[in-house]
Amino acid sequence: MTDQTHETARLTIGDKTLDLPIYHGSVGPDVIDIRRLYSDGGVFAFDPGYTSTGSCESAITYIDGDKGQLLYRGYPIEQLAAKSHFLEVAYLLLYGELPTAEQMEDFETRVTNHTMLHEQMAYFFRGFRRDAHPMAVVCGIIGAMSAFYHDSTDINDAWQREVATIRMIAKMPTIVAWAFKYHVGQPFVYPRNNLDYASNFLNMCFSVPATDYVVDPILSRAMDRIFTLHADHEQNASTSTVRLASSSGANPFACIAAGVACLWGPAHGGANEAALMMLREIGTPDRIPEFIARARDKDDPFRLMGFGHRVYKNFDPRAKVMKQSADEVLGLLGIERNPTLQVAKELERIALEDPYFIEKKLYPNVDFYSGIILDAMGFPTSMFTPIFALARTVGWISQWKEMIEDPQLKIGRPRQLYTGATLRDYVDVENR
């Protein structure tokens, strides 16, 4: 438990006075312990969306929205994205410290050796319609993994938890790439052990048997950064879903599938897809002033997608790094023939200079840049959220492991403010 001082918050309810303990984390706002609010005070707290409720104690990720700060185990995301790579960051999130060279080699080897899927799962993919959304396929396949990997579903066995962890991180790129291949009607490409994590994913997505495919290092680096920047984001909707599902003792594959389902929502993982759709709606750079005017009009329902962030009241720290990758990718692939990317670059320029954007702190966020990068690489918008899920899997697994190993673990049981009918007596139908 976090440090508890003798400070308390005093709450008066009718003729009752409760002294609620105050806990201090290592950084960030203090929390008031309301666990005995009902037993001692006879009331529940009311917090729709849990925006003011600390649902757990965690040492993994910290966000300071006012400062525009995101820390993985205390390390600023900008440093990790610039100097590290995804699997090293995954190790950090999972185990709490950056690995030694020997630990990194062992971790990479274990992940690499688990990238293949059970061969029968290839037939499972073919049970879906070809026009199924890739997220539906990914969610279904992950949920079915417990039917194929029985030896890593016992959450009370530390070794099985570790095996499940490695399997999820290793197999997720294969699952997402195969969902893409199935969606576009191309043959599955098997993983290769001689490629790094990001390059292997790109090869499985874009390689075809008819010709050789060489992964460009600029694209591989950009993809690795997308994975790193989306690896975890504190107690967001999908992470909280994973924790709530796992609190019941469900197997890890079912819990991750629940997280994927939550991420699918357009208010969560679909934000980069929405940003790109907005750019396509604008169409050409000369129409940008029209849409900016609409965004300023309070009576117009149009909203600029990919600008600002619910959590970050300053610049999204991930966006600074993602902008660099976007510039590198667009420099490699060119934007001259792509009107959507031309709109993106011009809108970015205006947003960084226009007083309206600056005053409202509507800076381009990570979803704006990631959508541009993925579109330039050749991914359809339907693949944006599955790629997000691929990256976030390590965060979900880290949060899952932390929760399972927490001695205070209790099944989640939110309360409610009931506004339905009070006690009524049943009346037979002939007497109604």
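Residues numbered from 1 in each chain as written. Predicted model: local features only at pLDDT ≥ 70, side-chain atom pairs only at ≥ 80, totals over all residues. Heavy atoms only, no water.

A. Region of the structure containing the packing of helix α7 (residues 158-184) against helix α18 (residues 384-404). Here α7 crosses α18 at 170°, and the two axes come no closer than 9 Å. Looking at the two axes, α7 sits roughly antiparallel to α18. Mapping the contact onto sequence places Arg-161, Glu-162, Thr-165, Met-168, Ile-169, Met-172, Pro-173 and Val-176 in α7 and Pro-386, Ile-387, Ala-389, Leu-390, Thr-393, Val-394, Ile-397, Trp-400, Lys-401 and Ile-404 in α18. Its residues assigned to classes, the contact of α7 with α18 comprises 13 nonpolar, 2 polar and 3 charged. (Axes fitted to C-alpha atoms, helices over the stretch in contact; angles between N-to-C directions. Helix = DSSP H or I, 4+ residues; strand = E, 2+ residues; numbered from the N terminus. Parallel < 35°, antiparallel > 145°, perpendicular 65-115°, else oblique. Contact = heavy atoms within 4.5 Å. Nonpolar A, V, L, I, M, F, W, Y, C, P; charged D, E, K, R; others polar.)

B. Fine view of the confidence of the model for the chain. Overall, the predicted model of the chain reaches an average pLDDT of 90, with 97% of residues at or above 70. Strand β1 (residues 3-13) is the least confidently modelled element of the chain, averaging 79 in pLDDT, while helix α3 (residues 86-95) averages 98, the highest of any element. (pLDDT = per-residue confidence, 0-100.)

C. Representation of the nonpolar core. Counting 114 residues, the largest nonpolar core has Phe-201, Met-223, Phe-227, Val-260, Phe-379 and Ile-387 as the members making the most contacts within it. Element by element, the count of residues in this core is highest for α7, at 13 residues. Filtering out sequence-adjacent residues up to four positions away, Phe-201 remains in contact with Pro-173, Val-176, Ala-177, Met-223, Phe-227, Phe-379, Ile-387 and Leu-390. (Core = buried A, V, L, I, M, F, W, Y, C linked by side-chain atoms within 4.5 Å. Buried < 20%, exposed > 50% of the residue type's maximum accessible area, 1.4 Å probe, protein only.)

D. Region of the structure containing helix α4 (residues 101-112). Taking 1.5 Å as the rise per residue, α4 with 12 residues should run 16 Å; its terminal C-alpha atoms sit 16 Å apart, in good agreement. Regarding α4, the residues found buried are Met-104, Phe-107 and Val-111. Within α4, the buried residues cover an arc of 70° as seen down the axis, which keeps them to one side. Within α4, the exposed residues directed more than 90 degrees away from the buried face are Ala-101, Glu-102 and Glu-105. The inward-facing, buried residues of α4 abut α3, α7 and α8 (197-206). (Expected span 1.5 Å × (residues − 1). Arc of directions from axis to C-beta.)

E. Local environment of the packing of helix α6 (residues 134-144) against α7. The N-to-C vectors of α6 and α7 enclose an angle of 140°; their axes lie 9 Å apart at closest approach. Relative to α7, α6 is oriented oblique. When the axes of α6 and α7 are compared, the crossing they make is right-handed. The segment α6 lies against α7, with Pro-134, Val-137, Val-138, Ile-141 and Ile-142 engaging Met-168, Met-172, Ile-175, Val-176, Ala-179 and His-183. Grouping the amino acids of the contact of α6 with α7 by side-chain chemistry returns 10 nonpolar, 1 polar and no charged. (Left-handed = near helix turned anticlockwise from the far one by under 90°.)

F. Region of the structure containing the environment of Ser-58. Of note, Ser-58 is situated in the loop between α1 (37-41) and β4 (61-64). For the pair Ser-58 and Tyr-182, spaced 124 residues apart in the sequence, the C-alpha separation amounts to 38 Å. Excluding anything up to four places from it in sequence, Ser-58 contacts Gln-235, Arg-243, Gln-399 and Glu-402. Polar contacts involving the side chain of Ser-58 include one to the main-chain amide nitrogen of Ile-60, which spans 3.3 Å. Looking at Ser-58, its side chain comes within polar contact range of the side chain of Glu-402, at 2.7 Å. (Polar contact = N/O pair within 3.5 Å; in protein donor to acceptor, adjacent residues only side chain to side chain.)

G. A look at α3. Buried residues dominate α3, accounting for 9 of its 10 residues. Listed as buried for α3 are Phe-86, Leu-87, Glu-88, Val-89, Ala-90, Tyr-91, Leu-92, Leu-93 and Leu-94. Two residues or fewer after α3 comes Gly-96, characterised by a positive phi angle close to 95°.

H. Quick look at the side chain of Thr-165. For Thr-165, the location among the structural elements is in helix α7. When its relative accessible area of 0% is taken as the criterion, Thr-165 is described as buried. Of the polar contacts made by the side chain of Thr-165, one reaches the backbone oxygen of Arg-161; its length is 2.9 Å. Not counting residues within four places of it along the chain, the set of residues in contact with Thr-165 comprises Leu-94, Ile-397, Trp-400 and Lys-401.

I. View of the sheet that holds β4. One open sheet accounts for 3 strands, arranged β4-β5-β6; its pairing is antiparallel. Strands at the two margins of the open sheet, each flanked by one partner only, are β4 and β6 (75-76). Here strand β5 (residues 69-72) runs beside β6; their pairing, made up of 2 bridges, is antiparallel. Each bridged residue has a counterpart across the sheet, and for Leu-71 the counterpart in β6 is Pro-76. (Pairing = 2+ DSSP bridges.)

J. Layout of a negative patch on the surface. Where like charges cluster on the molecular surface, the negative patch consists of Glu-102, Glu-105, Glu-108 and Asp-196. Take Glu-102: it is sitting in helix α4. Residue classification places Glu-102 among the exposed residues on the basis of a relative accessible area of 67%. (Patch = residues over 30% accessible without salt bridge, like charges linked within 9 Å, V, L, I, M, F, W, Y side chains within 5 Å. Areas by Shrake-Rupley, 256 points an atom, 1.4 Å probe, with all protein chains shown as cover. Salt bridge = Lys/Arg side-chain N within 4 Å of Asp/Glu carboxyl O. Lys, Arg positive; Asp, Glu negative; His and termini not counted. Charge placed at Lys NZ, Arg CZ, Asp CG, Glu CD.)

K. Representation of the packing of aromatic side chains within the structure. Counted under the stated rule, the structure contains 21 aromatic pairs. Judged by centre distance (6.4 Å) and plane angle (45°), the ring pair of Tyr-149 and Phe-253 falls under tilted. Of this pair, Tyr-149 sits in the loop between α6 and α7 while Phe-253 sits in helix α11 (residues 252-263), placing them 104 residues apart in sequence. The same class applies to Tyr-149 as to Phe-253, namely buried. Aromatic pair Phe-206 and Phe-379: ring centres 4.8 Å apart, planes at 55°, arrangement tilted. One end of the pair, Phe-206, is in helix α8; the other, Phe-379, is in the loop between α17 (366-377) and α18, and 173 residues separate them in sequence. Taking the relative accessible area as the measure of exposure, Phe-379 reaches 2% and is therefore buried. One aromatic cluster in this structure is built from Phe-86, Phe-180, Tyr-197, Phe-201, Phe-206, Tyr-213, Phe-227 and Phe-379. For the cation-ring pair, Arg-126 lies above Tyr-123, with the distance from its terminal atom to the ring centre recorded as 5.9 Å. Above the plane of the ring of Tyr-38 lies Arg-415, whose end atom (NZ or CZ) is 5.8 Å from the centre. (Phe/Tyr/Trp six-rings, centres within 6.5 Å; stacked < 30°, edge-to-face > 60°. Lys NZ or Arg CZ within 6 Å of the ring centre and 35° of its normal.)

L. Spatial organisation of the pattern of salt bridges. Summed over the entire model, instances satisfying the criterion amount to 22 salt bridges. Between Lys-323 and Glu-348 there is a salt bridge, with its nearest N and O atoms 2.8 Å apart. Linking Lys-323 in helix α14 (residues 317-333) with Glu-348 in helix α15 (residues 339-353), this pair joins segments that are 25 residues apart in sequence. One network of salt bridges, in which partners are shared, links Asp-106, Arg-110, Arg-161, Glu-162, Lys-401 and Glu-405.

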